[in-house]
Amino acid sequence: MLYLNNLAKRYGKFYAVNGLSLHVPKGDLFGFVGPNGAGKTTTIRMMCGLLKPDFGDIIVGGNRYSTDKNAVKRCMGYVPDFFGVYDNLKVYEYMEFYGSIYGIDDASVKRMTSDLLELVNLSNLEEQYVDTLSRGMKQRLCVARALLHNPELLVMDEPSSGLDPRARVEMKQVLLNLNSMGKTIVISSHILSDIAEMCTSVGIMNRGKLVTAGRMEDILSLGINNHHLIIDIKSDMETAIQKVREIPDIGIDSVMEGQIVIACSGEDEQINRIMIELMTGGVLVGGFRKEEQNLETLFMKLTGDDINVNQGMPMGPVKGGMNR
Amino acid sequence: MKISLKNIHVNPIMKKDLRIRSRSMKFAWGLFAFEAVLGLVFFFAINLMSLDRYGYTETYKALVYMFPVIGAVELGILSLIIPIETASAITSEREKQTFDILLTTVMTPMQVIRGKVNSATFHMMIYIIASIPLMAVAFTVGGLSWWALLGFLITSFIFAYYVGSIGILCSTLTKKSIGSIVLSYVFMGIFFGGSWTPMAIILMFAQSSGVEELGALTLLFNPAVSFVMFFMTAMGAGDEDIFGGMLIKSPLVWMIVSFSLMIGLSLLFQWFASTRIDPVRGYKERSQTKAGVQ
């Protein structure tokens with residue numbers, strides 16, 4: 001559905017996006033994550049024609065942006081992180097305005113508006129003035145507006161920013177519904193738990209480059225050998241640290257007050273071995289818990305300053321894993 | 001295809017802008033203030049005419065002068081309003097954060113610009129049309145031809161379109177509304193006042209060289225000059241009366257050339273404005289290796 005081919009954008013000598021290649025298959029709900037300044041918004045703005053790439057090309061639904069802008073725009077809907085609305089315009093008129101831009105006649109807009117408003121949980125608000133809606137409602141209206149011309153691809157830049165928890169949950173539900181209807185969605189967000197819950201695939205960006213991308217389960221399995229075991233120590237910490245250091249194939253990640261955090265594979269046999277070694281060594285263990293690898297810990301690891309983005313991580317274009 | 005009003009494609013931006021403007025209290029109060037000013041001018045002028053004349057017949061005849069008086073005041077006011085209307089057209093879309101959404105739609109930058117200029121022009125025409133009842137006195141009582149009214153409407157339309165295009169260009173040159181409004185007034189100053197400069201220079205330094213009339217050519221871009229010509233022609237002034245007969249021998253030719261140039265310049269301003277708002281203008285695929293950049 002969406003191909004980004006060696007996309008680059010630079011400001012002077014600084015590359016905001018550098019050689020980004022990515023493929024998002026049809027029907028995917030793709031999450032774009034990365035720290036501030038990673039290049040997510042720059043990439044999204046290039047995808048939507050709001051910023052001219054210095055290099056590379058964008059292909060949406062088989063149409064190249066460099067040769068057929070309009071065809072790309074027709075199969076893409078854009079939802080920005082803000083929801084600019086016009087004063088003195090009713091919900092229906094707002095939709096009618098965008099409908100007329102795409103050459104949709106008023107009768108069809110009326111019918112589609114009703115359906116789309118129902119889809120985004122804004123039923124019966126056609127006659128309401130847009131500027132009287134709540135922030136969450138406006139953002140969902142923006143989604144309805146982006147869907148009016150029935151695009152195959154929906155691109156959303158931080159759609160949940162500034163929304164309260166309820167509005168966030170509602171927005172998430174709307175996106176899942178859309179995805180179940182076959183829409184391809186690319187969403188950038190800082191809320192990693194939402195991305196992990198919703199998305200079928202994910203791409204992590206850092207410093208203008210795609211650090212990794214792939215199907216969510218594949219991405220999460222990248223760090224399977226990097227689980228954390230947190231052990232509460234009730235006896236002398238020095239002895240406990242000494243005993244842990246003597247165990248082969250594991251390392252101490254950090255030491256906190258009364259706790260040792262061990263980086264390990266997280267396998268039961270290994271955990272058993274660690275516990276036995278500690279207890280037989282006279283260390284009093286108050287308890288332990290395994291912290292599993294999730295998108296947040298992986299994100300922190302991959303976007304850390306000392307990370308070498310090329311080491312052991314698959315770079316885009318994403319193949320195999322992301323294709324259905 | 002069946003011809004009906006529904007089949008006429010109206011620029012969506014123009015339709016939306018006119019709808020939004022017509023609903024705002026600012027528009028209602030603006031129209032009220034505009035009419036009030038014209039009304040005051042009307043009564044002031046009619047009072048002056050009554051003082052200078054003897055008998056009703058003379059006063060009625062003098063009412064014909066209400067046409068240029070009201071017309072000039074109208075255009076003066078509109079010259080102040082249109083830059084505010086248009087110079088903030090793009091910047092206000094940016095400030096409302098609706099502009100990016102517009103650019104991601106299938107509308108071309110030129111369509112966006114045209115929609116903005118057209119909405120401002122038609123909006124101004126509402127003011128002009130609202131003033132017709134006051135002007136009608138000059139036609140019904142003063143004895144002016146209704147063709148003069150039609151000419152006034154056409155001339156006003158071109159005036160609004162021209163000044164609106166200047167405003168819209170300024171709107172794309174700055175990021176903030178206030179900056180673009182100021183810039184728009186500067187541009188207006190150049191076109192209204194600055195266009196006299198070549199003529200003034202020639203008159204100062206080359207009075208008898210026979211090139212005086214060349215200096216007047218820049219006045220072709222000055223809408224105020226063409227307006228004066230229109231009023232004087234409509235009022236039946238002789239060619240020699242117009243700017244002392246120096247500018248041009250045929251006011252009609254002058255007006256046609258001037259208005260054509262103004263429309264041409266308006267389109268040029270609009271084209272330039274559209275290139276300013278097109279974020280991906282001239283985008284062609286380039287590879288990093290081909291460009292020699294790693």
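What counts, and where the lines are drawn
Residues numbered from 1 in each chain as written. Chains lettered and ligands numbered in written order. Predicted model: local features only at pLDDT ≥ 70, side-chain atom pairs only at ≥ 80, totals over all residues. Helix = DSSP H or I, 4+ residues; strand = E, 2+ residues; numbered from the N terminus. Buried ≥ 20, exposed ≤ 12 C-beta atoms within 10 Å, placed from the backbone. Contact = placed C-beta atoms within 7 Å. Nonpolar A, V, L, I, M, F, W, Y, C, P; charged D, E, K, R; others polar. Axes fitted to C-alpha atoms, helices over the stretch in contact; angles between N-to-C directions. Left-handed = near helix turned anticlockwise from the far one by under 90°. Pairing = 2+ DSSP bridges. Domains from an automatic or database assignment. pLDDT = per-residue confidence, 0-100. Expected span 1.5 Å × (residues − 1). Core = buried A, V, L, I, M, F, W, Y, C linked by C-beta atoms within 7 Å.

Visitor: I tried to follow the overall build of chain A on my own but got confused; where do I start?
Guide: Helix and strand content of chain A: 11 helices and 14 strands. With respect to the three principal axes, the spread of C-alpha positions in chain A is 80 × 45 × 35 Å. Taken over 324 residues, chain A has a buried fraction of 44%. The long-range share in chain A, meaning contacts at least 24 apart out of those at least 6 apart in sequence, stands at 72%.

Visitor: Would you mind showing me how to read the interface of chain B and chain A here?
Guide: Often, the extent of an interface is quoted as the loss of accessible area upon association of its parts. Tallying the contact residues gives 25 residues for chain B and 30 residues for chain A. When contributions to the side of chain B that touches chain A are tallied by element, the ones reaching two or more residues are α1 (12–23) and α6 (99–103) of chain B. A total of five residues in the side of chain B that touches chain A trace back to one element, the largest contributor, which is α1(B). Residue composition of the side of chain B that touches chain A, by class: 10 nonpolar, seven polar and eight charged.

Visitor: Even after reading the chapter, I still don't get the packing of helix α3 (residues 91–101) of chain A against helix α5 (residues 135–147) of chain A, so can you show me in this structure?
Guide: Packed helices, taken two at a time, are described by their axes: the angle between them and the distance between them. Residue and element names in this part refer to chain A. Where α3 contacts α5, the two axes come as close as 9 Å, and the packing angle between them is 35°. Judged by the sense of rotation from one axis to the other, the crossing of α3 with α5 is right-handed. Touching V91, Y94, M95 and Y98 of α3 are L141, A144 and R145, all from α5. Along the lines of polarity and charge, the residues of the contact of α3 with α5 split into six nonpolar, no polar and one charged.

Visitor: Explain the pairing of strand β12 (residues 251–256) of chain A here, please?
Guide: It is a general feature of regular strands that their side chains alternate between the two faces of the sheet. Residue and element names in this part refer to chain A. Sparse coverage of β12 is indicated by the burial of zero of its six residues. Bridge count between β12 and strand β13 (residues 259–264): five bridges; the pairing is antiparallel. For G251, the partnering residue across the bridge sits in β13 and is A263. Taking the residues that link successive antiparallel strands as the turn, the β12-β13 hairpin has two residues, and the phi of G258 there is positive, at about 75°.

Visitor: For this particular structure, what's the right way to read the domain arrangement of chain A?
Guide: As assigned here, chain A comprises domain 1 (2–222) and domain 2 (227–292). Summarising the inter-unit geometry, the C-alpha centres of domain 1 of chain A and domain 2 of chain A are found 45 Å apart.

Visitor: Before we go on, may I ask you to explain the confidence of the model for chain B in this structure?
Guide: Detailed reading of the predicted model is not advised wherever pLDDT is low. All names here are of chain B. Across chain B, the average pLDDT comes to 80, with 80% of residues at 70 or higher. In the model, residues 290–294 has pLDDT below 50 throughout and makes four contacts with residues more than four positions away in sequence or in other chains. Reported for the predicted complex are a pTM of 0.78 and an ipTM of 0.79.

Visitor: Please clarify how the sheet that holds strand β4 (residues 55–60) of chain A should be interpreted in this entry.
Guide: By definition, the strands of a sheet pair up through backbone hydrogen bonds, in either a parallel or an antiparallel sense. With antiparallel pairing, four strands are arranged side by side in an open sheet as β2-β1-β4-β5 (chain A). At either end of the open sheet lies a strand with only one pairing partner, and these are β2 (14–24) and β5 (63–64) of chain A.

Visitor: Help me understand α1(B) in this model?
Guide: One turn of the α-helix equals 3.6 residues, which is why residues spaced by three or four share an orientation. Spanning 12 residues, α1(B) covers 17 Å between terminal C-alpha atoms, matching the ideal 16 Å at 1.5 Å per step. By the burial criterion, the buried members of α1(B) are B:P12, B:I13, B:M14, B:K16, B:D17 and B:L18. Contacts from the buried residues of α1(B) go to α3 of chain A together with α7 (109–130) of chain B.

Visitor: Could you clarify how one ought to interpret the nonpolar core in this entry?
Guide: Soluble globular proteins tend to bury their nonpolar side chains together. A:A144, A:V155, A:V186 and A:V202 are the most contacted members of the largest nonpolar core, which has 137 residues in total. Per-element accounting of this core gives the leading share, 12 residues, to helix α9 (residues 146–173) of chain B. Each residue touching A:V186, except ones within four places of it in the same chain, is listed here: A:L2, A:V24, A:F30, A:F32, A:L153 and A:V155.

Visitor: I tried to follow the sheet that holds β13(A) on my own but got confused; where do I start?
Guide: Residues and elements named next belong to chain A. Here we have four strands laid out as an open sheet, ordered β12-β13-β11-β14, and antiparallel in their pairing. Edge positions in the sheet fall to β12 and β14 (285–291), since each of these pairs with one other strand and no more. Within this sheet the neighbouring strands show an average axis-to-axis angle of 20°, counted without direction. The sheet contact formed by strand β11 (residues 227–233) and β14 spans six bridges and is antiparallel. Bridge pairing links D232 to G287 in β14. Helix α10 (residues 268–280) contacts β11, β13 and β14 of the sheet and is inclined by roughly 160° relative to β14.

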